[in-house]
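# Fold and contact review
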Amino acid sequence: MSAVQSLRDVWYVFGRAQAKFWGSPIRIFFQLFGALMFLVLFTQLFSKLADLPGFPTVGYLEIAVGGILFLNTLNSTMQSANAIVDELNTGYLANLLVTPVQRGAILLGRVLSDGVRYACQTSIVLGIAWLLGATFATGVPGVLLIYLIVVGFGVAWSGLTMTVGLATKSNETVSVVGTLLTFPLMFTSTALLPAAFLPAWMQAVTRYNPISYMSDAARTLMVSGFDGAVLLQAFAVIGMILALTWSSTLWLFRRVVG
Amino acid sequence: MSNIVVVEDLVEVYAGGTRAVDGISLQVPEGEFFGFLGPNGAGKSTTIKVLSTLLRKTSGSVTIDGHDLDRDPEGIRRTIGVQSQETVVDGDLSGRKNLLFQGHLQRMQGAELQRRVEELLDLMELKEVADRKAKQYSGGMKRRLALAAALVHRPRLVFLDEPTTGLDPQSRAKVWGYLSRLNKEDGTTVFLTTQYLEEADKLCRQLSIIDRGKIVANGSPADLKEQVGGETLALTLGPTSAAGPWEPLEGLLRALPGVDKVVDVDRGLVVYARQASRLVPEIVTLVRGAGVHLESINLAAPTLDDVFLQKTGSRIRGGDLTRGAAPAPVGGVRGGVY
Ligand SMILES: Nc1ncnc2c1ncn2[C@@H]1O[C@H](COP(=O)(O)OP(=O)(O)OP(=O)(O)O)[C@@H](O)[C@H]1O
Ligand SMILES: [Mg+2]
């Protein structure tokens, strides 16, 4: 099998997933709407916080952006798993598997398309935040880094939802597990409030919560500047999650394609 | 002619322990129109899934176009096209895009692919709806789209698992015409399962009948009908005076010269005999003598339906292969209306 052919396979699987994504304007509308809703709700809910002593000098909007980016991504990784579970259960995957297409391309093409989806969501959130008056301390390079972190985290985390999906072949289970994880992950992290505003025990918990590392990285890029240590930690966490979740996903996928 | 499909002692046991395929052997010569028949649950789809590299076999050997299933599944995938029994199309994409995507996965590109897709859309009469999302298609339209997808790359061998189920008689006849041309003109080997015996009779040159995972008969439709016996006499009988079954009568009929078999069916008996027409007078006498009311007698040349009934104990009702109360060859349990 030539490398060119493998790339073509990835490209076609990616292209189909993209065609499905862009072919459904309703979904895109709801993503826009969801991002707007969260941004407005959270900034309104916590608007008085920024007046408290000790709060970073920026408004709450910049604080909230970091958290909402990852709230969206967590939700979005459920859709990635749902898509593959559907294909498994409807027999669509079986139809792919009787063609000469590379097995790995079926997964890789889909992951790349999911990456594009996470990036689109990032654009929506950042775009709305910008319209609402948010400022970006690190300019274009910083924004690009934010994209990289969000997409990297999304791909890594989708390994978890896909593991659940491939193991149970049930979208209900994916949703239950996904939703059950989303809220504790968000609220026991520094995603919505800086650590200093959390009770002591929670501050301890946030240190073990990957969302804290993600939102801290995005937030420093938004409000202060490039912080090597924070960025390095974020990418290390992404790498760890990626290795863990994708080894189980790949193992399960291999079993499915038998 | 070399055999494009060679199966030896294939066994497939599902995880739950169901022995869906129980040691079958098959040879399909290149260019053949092969029909694989059997009642629901006989193991037809399971066999196709194994042959098309989807399901790992339990034991036995499979070679397709010289590619061994264990060593070179890749080679098999390059040879075949598959239409699964479940209609699978991508509802979010248009019919045309479904076919283009399928063609890409089958390593086709550019103008050649475009031409082929348009040709298939024409053939399957999907031209007008080609740009509508496939989820808006009717069941029959989806079915035809799935068939087109299986054929897009002009495979040398196609597995079609009940390709005409759910099509109206008109579309079915069209698909028959198309499959027949595909086989005759392009030399494509067709491996087809069907619920319609009429379809098998019309299209297939070779048939295998599978029942409970085992092959129970092989041959051309004519051979199989021949095996059933020259003719059949279907006797529609009224209720016996005593509520008892027709057993004594069955025994008497079976003893007549030339009778191969007597099978108990819903509303009467079917007699298989070499020269059944000559037996009519005697049969009438016997039925009268047994005190059974004879409503009608029907003389018929055997159909594949009779082959089915005899080989699998299943009847075809309304085009559907269902396992009725099995009319056992000896004696008989009546699956009855009485
Ligand atoms: N995934 C599965 N797991 C366990 N058993 C299965 C599975 N699929 C099929 N079976 C069983 O294997 C047997 C053969 O099924 P198969 O689908 O091959 O029959 P078939 O001949 O195609 O029937 P039909 O005419 O209804 O399509 C049946 O007893 C069925 O219940
Ligand atoms: Mg079947």
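Residues numbered from 1 in each chain as written. Chains lettered and ligands numbered in written order. Predicted model: local features only at pLDDT ≥ 70, side-chain atom pairs only at ≥ 80, totals over all residues. Heavy atoms only, no water.

Quick look at the environment of Val 10 of chain A now. Position of Val 10 of chain A among the secondary structure elements: in helix α1 (residues 3-22). Separated by 207 residues in sequence, Val 10 of chain A and Ala 217 of chain A have C-alpha atoms that sit 31 Å apart. (Helix = DSSP H or I, 4+ residues; strand = E, 2+ residues; numbered from the N terminus.)

Residues and elements named next belong to chain B. Across the sheet, four strands lie side by side as β2-β1-β4-β5; this open sheet has antiparallel pairing. The two strands at the open ends of the sheet, each matched to only one other strand, are β2 (19-29) and β5 (67-68). As paired strands, strand β1 (residues 3-13) and strand β4 (residues 59-64) are joined by five bridges and run antiparallel to one another. Paired with Glu 8 across the strands is Ser 61, a residue of β4. In the packing of helix α1 (residues 44-51) onto the sheet, contacts are made with β1, β2 and β4, and the angle to β1 comes to roughly 115 degrees. (Pairing = 2+ DSSP bridges. Contact = heavy atoms within 4.5 Å. Axes fitted to C-alpha atoms, helices over the stretch in contact; angles between N-to-C directions.)

This part covers the site of ligand 1. Residues and elements named next belong to chain B. In the vicinity of ligand 1 there are 13 residues, among which Gly 41, Lys 44, Ser 45, Thr 46 and Gln 85 approach most closely. Contact distances for ligand 1 include 2.8 Å between an oxygen atom and a backbone N or O atom of Gly 41. Between an oxygen atom of ligand 1 and a side-chain N or O atom of Lys 44, the distance comes to 2.8 Å. Alone, ligand 1 offers 640 Å² of accessible surface; in the complex the protein occludes 64% of this. (Near = heavy atom within 4 Å. Polar contact = N/O pair within 3.5 Å; in protein donor to acceptor, adjacent residues only side chain to side chain. Areas by Shrake-Rupley, 256 points an atom, 1.4 Å probe, with all protein chains shown as cover.)

Here we take up the sheet that holds strand β3 (residues 33-37) of chain B. Hydrogen bonding along the main chain pairs the strands of a sheet, whether they run parallel or antiparallel. Residues and elements named next belong to chain B. Overall, mixed pairing links the six strands, which are arranged β6-β7-β8-β3-β9-β10 in an open sheet. If you trace the sheet from one side to the other, it starts and ends with β6 (80-83) and β10 (214-219), each paired once. Each neighbouring strand pair of the sheet contributes to a mean axis angle of 15 degrees, computed without reference to strand direction. Against the sheet, helix α5 (residues 139-151) engages β6 and β7 (157-161), with an angle of about 170 degrees to β6. Sheet strands touched by helix α11 (residues 304-312): β3, β9 (206-211) and β10. Its angle to β9, the strand with the most contacts, is close to 35 degrees.

This part covers the pattern of salt bridges. Residue and element names in this part refer to chain A. Counted under the stated rule, the structure contains 28 salt bridges over all chains. Here Asp 216 ties to Arg 219 by a salt bridge, and the two come within 3.9 Å at their closest N and O atoms. Of the two residues, Asp 216 and Arg 219 both sit in helix α9 (residues 210-223), three residues apart, roughly one turn of that helix. Classification of Asp 216 by relative accessible area gives partly exposed; the value is 29%. You can call Arg 219 buried: its relative accessible area is 7%. (Salt bridge = Lys/Arg side-chain N within 4 Å of Asp/Glu carboxyl O. Buried < 20%, exposed > 50% of the residue type's maximum accessible area, 1.4 Å probe, protein only.)

What follows deals with the layout of surface pockets. Taken as a whole, the largest pocket encloses approximately 880 Å³ of empty space. Lining the largest pocket are 37 residues, with Ala 94 and Val 256 of chain A together with Lys 49, Leu 54 and Leu 55 of chain B positioned closest to its centre. Considering only residue class, the lining of the largest pocket consists of 17 nonpolar, 10 polar and 10 charged. Quantified by volume, the second largest pocket comes out at close to 470 Å³. The wall of the second largest pocket is formed by 21 residues, among which Lys 20, Arg 27, Ala 83 and Arg 110 of chain A together with Asp 92 of chain B lie closest to the centre. Counting residues per element, the ones that place at least two in the lining of the second largest pocket are α1, α3 (60-90) and α5 (103-131) of chain A. The dominant element in the lining of the second largest pocket, judged by the number of residues it contributes, is α3 of chain A, at seven residues. Here the lining of the second largest pocket is composed, by residue class, of five nonpolar, six polar and 10 charged. (1 Å grid on protein atoms, 1.4 Å probe; cavity = no way out; pocket = protein on both sides within 12 Å on 5 of 7 lines; lining within 4 Å. Points joined across faces, edges and corners; volume = space filled by probe spheres on them. Nonpolar A, V, L, I, M, F, W, Y, C, P; charged D, E, K, R; others polar.)

Low-confidence regions, as indicated by low pLDDT, have predicted coordinates that should not be scrutinised in detail. Across chain A, pLDDT averages 89, with 97% of residues at or above 70. Within chain A, helix α6 (residues 139-168) of chain A carries the highest mean pLDDT (96), whereas helix α2 (residues 25-45) of chain A carries the lowest (80). (pLDDT = per-residue confidence, 0-100.)

The subject of this paragraph is the nonpolar core. Residues and elements named next belong to chain A. In this structure, Leu 69, Phe 70 and Phe 153 are the most contacted members of the largest nonpolar core, which totals 47 residues. Elements that contribute at least two residues to this core include exactly α2, α3, α5, α6, α7 (171-187), α9 and α10 (228-257). At 10 residues, the largest contribution of residues to this core is made by α3. When neighbours within four sequence positions are excluded, Phe 153 is seen to be in contact with Phe 70, Thr 73, Leu 74, Ile 211, Met 214, Ile 238 and Ile 241. (Core = buried A, V, L, I, M, F, W, Y, C linked by side-chain atoms within 4.5 Å.)

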